[in-house]
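Structural overview
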Amino acid sequence: MSGGAGDGNGDGNGAESGAERRVRIVVEYCEPCGFEATYQELASAVRDEYPDIEIESRLGGTGAFEIEINGQLVFSKLENGGFPYEKDGPEPQRLHRQVLQRQRVGAAAETPTGWTCRDECKYECMWLTVRLYQQGGHRVPQFHGKWPFSRFLFFQEPASAFASFLNGLASLVMLLRYRAAVPPAAPTYPTCVAFAWVSLNAWFWSTVFHTRDTALTEKLDYFCASAVVLHSVYLCCVRTLGLQRPALISIFRAFLLLFLAGHISYLSLVRFDYGYNLVANAAAGMLTVAWWLRWCLRQGRRLPHVWKCAAAVLLLQALALLELLDFPPLLWVLDAHALWHIGTIPLNVLFYSFLMDDSLYLLKANSDLFKVD
Ligand SMILES: [Zn+2]
């Protein structure tokens, strides 16, 4: 990194061939620590003051903000603790020294709640950056697309993790109630039970993801959520069209499975594209809402329980809009995503209640038909 070992062909005394040697500054910084903004600030100040100087950056290790001039290390944050300018007051310097001390204790050291030294460093650097932004009167930034959250024990986002767990619990309780109340002979029984299992699986991974956000838990959360969205389309299709058309429902099921496989393959093998994932899930969600509502409007007079379905899907859509209000977490705990997860708990209960009433209605309608026959 520093010093240049002198093995290059341009390192000799006269090797610059008379051309005036340009000053080149390279800043190596830690991106997870949020130091990109500090680099940009420094780079624009240098460019304004000394337009002839080249300044560029490269990504460095945890806590790094290292400055080289023409290959010589002139400042090291890892060594000194603070940033190379005066407005970095004593408080941030003290915090950084603590972080560095912990780093030196050993990178493999873990806290009793499972946070590694690197996690600790990222976390402390994040709060340090938040404090610096607040001191400067700036808006608190997001870190890698996420607001800063106060951890609780081993929970990274305690509110969303707890709400996901409660959603899973609600799905489990309603699955048990459904199975206790509805005989397996009901025409939609297998589809409703499968829907409950697919939902339970998704809430489990949502709890895991909000407890510990890693590349793997994020994928599992997203993919399992997409499976719920597609199963909702399938459930809607079975109930509204498929009961008299088993062939159509088989084709539609195969299409949805293929789509899910393609969706997961694209996101995991080609590119994890957040925008595409959002659009795909939102489109499938809107299709289901429109489809259910059309059916509810037609059946409303005949079937008194369909109001539960209409209310659940409409409120779910309204809640989804909450996600657009992307505000910094209240008390660094409660953000829009956590509110969305909290809001879906009663809606889950209401939707399962509809499924239960509807399955019992279909069972009764079927047996009445046999009696007439
Ligand atoms: Zn979530």
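Our structure is the block above this text.
Bear in mind the structure is a predicted one, so any value in this text is a computation, not a measurement.

Of the regular secondary structure elements, the protein chain holds 11 helices and 4 strands. For the protein chain, the proportion of contacts with a sequence separation of at least 24, taken over those separated by at least 6, is 66%. Of the accessible surface of the protein chain, which amounts to about 20,800 Å², a share of 63% is contributed by carbon and sulfur atoms.

Aromatic rings in a pair are described by how distant their centres are and how their planes are angled relative to each other. Tallied over the full model, the rule gives 19 aromatic pairs. Note on Y222 and Y274: the rings are 6.0 Å apart at their centroids and 80° apart in plane angle, and the pair reads as edge-to-face. With a gap of 52 residues between them, Y222 in helix α7 (residues 215-240) and Y274 in helix α9 (residues 274-299) connect regions that are remote in the sequence. By relative accessible area, which is 45% here, Y274 ends up partly exposed. Taken together, the aromatic side chains of F195, W292, W295, F351, Y352 and F354 make up a single cluster linked through ring pairs. Positioned above the aromatic ring of Y123, the side-chain terminus of R151 is 4.0 Å from the ring centre. One Lys or Arg, K219, reaches over the ring of F272 and ends 5.3 Å from the middle of that ring.

Around a metal, the idealised angle for a tetrahedral arrangement of four donor atoms is 109.5 degrees; for an octahedral arrangement of six donor atoms it is 90 or 180 degrees. Within the protein, the atoms that donate to the zinc ion are H210 (NE2), H337 (NE2) and H341 (NE2), at distances of 2.0 to 2.1 Å. Expressed as a motif, the donor residue spacing for the zinc ion is H-x126-H-x3-H. Residue H210 is found in helix α6 (residues 189-211), and its partner H337 is found in helix α11 (residues 336-372); the two are separated by 127 residues along the sequence. Judged by its relative accessible area of 21%, H337 is partly exposed.

Moving on, we come to the packing of helix α5 (residues 158-181) against α6. Contact geometry of α5 with α6 gives a least axis separation of 8 Å together with a crossing angle of 160°. One way to sum up the angle between α5 and α6 is to call them roughly antiparallel. When you trace α5 past α6, the crossing you get is left-handed. Contacts from S160, A161, S164, F165, N167, G168, S171, L172, L175, Y178 and R179 in α5 reach Y189, C192, V193, A196, W197, S199, L200, W203, S206, T207, H210 and T211 in α6. Across the contact of α5 with α6, the residue classes break down as 12 nonpolar, 10 polar and 1 charged.

The next point concerns a nonpolar patch on the surface. Together, F162, F165, L169, L172, V173 and L176 line one region of the surface with nonpolar side chains, adding up to about 560 Å² of accessible area. Structurally, the position occupied by L176 is in helix α5.

Right, let's talk about the side chain of H231 for a bit. Inspection of the secondary structure assignment puts H231 in helix α7. In this structure H231 touches T191, A194, F195 and V198, once residues within four positions along its chain are discounted.

The end-to-end C-alpha separation of α9 is 37 Å, in line with the 38 Å expected for 26 residues at 1.5 Å each. All of the buried residues along α9 are N277, A280, N281, A284, T288, V289, W292, W295, C296 and Q299. If you check the start of α9, you find a side-chain oxygen 3.1 Å away from the backbone N of G275, and it comes from D273.

Before going further, it helps to examine the environment of I249. Of note, I249 is situated in helix α8 (residues 246-270). Of the residues examined, I249 reaches a relative accessible area of 8% and is grouped as buried. Along the sequence, I249 and V238 sit 11 residues apart, while their C-alpha atoms lie 6.5 Å from each other. Apart from the residues within four sequence positions on either side, I249 is in contact with Y234, C237, V238 and G242.

As a further point, take the pattern of salt bridges. This structure, assessed with the given rule, holds 7 salt bridges. One salt bridge connects R239 with D358, and the closest N-O pair in it is separated by 2.4 Å. Within this pair, whereas R239 is found in helix α7, its partner D358 is found in helix α11, the two being separated by 119 residues in sequence. In this structure R239 comes out as buried when scored by relative accessible area, which is 10%. Assessed through its relative accessible area of 3%, D358 is described here as buried. Notably, a salt bridge pairs R271 with D273, separated by 2.8 Å at the nearest N-O pair. The partly exposed category is assigned to R271, whose relative accessible area is 48%.

About the thresholds
Residues numbered from 1 in each chain as written. Predicted model: local features only at pLDDT ≥ 70, side-chain atom pairs only at ≥ 80, totals over all residues. Heavy atoms only, no water. Helix = DSSP H or I, 4+ residues; strand = E, 2+ residues; numbered from the N terminus. Contact = heavy atoms within 4.5 Å. Areas by Shrake-Rupley, 256 points an atom, 1.4 Å probe, with all protein chains shown as cover. Phe/Tyr/Trp six-rings, centres within 6.5 Å; stacked < 30°, edge-to-face > 60°. Buried < 20%, exposed > 50% of the residue type's maximum accessible area, 1.4 Å probe, protein only. Lys NZ or Arg CZ within 6 Å of the ring centre and 35° of its normal. Donors = N, O, S within 2.8 Å, 3.2 Å for Na, K, Ca; no water. Axes fitted to C-alpha atoms, helices over the stretch in contact; angles between N-to-C directions. Parallel < 35°, antiparallel > 145°, perpendicular 65-115°, else oblique. Left-handed = near helix turned anticlockwise from the far one by under 90°. Nonpolar A, V, L, I, M, F, W, Y, C, P; charged D, E, K, R; others polar. Patch = residues over 30% accessible without salt bridge, like charges linked within 9 Å, V, L, I, M, F, W, Y side chains within 5 Å. Salt bridge = Lys/Arg side-chain N within 4 Å of Asp/Glu carboxyl O. Expected span 1.5 Å × (residues − 1). Polar contact = N/O pair within 3.5 Å; in protein donor to acceptor, adjacent residues only side chain to side chain.

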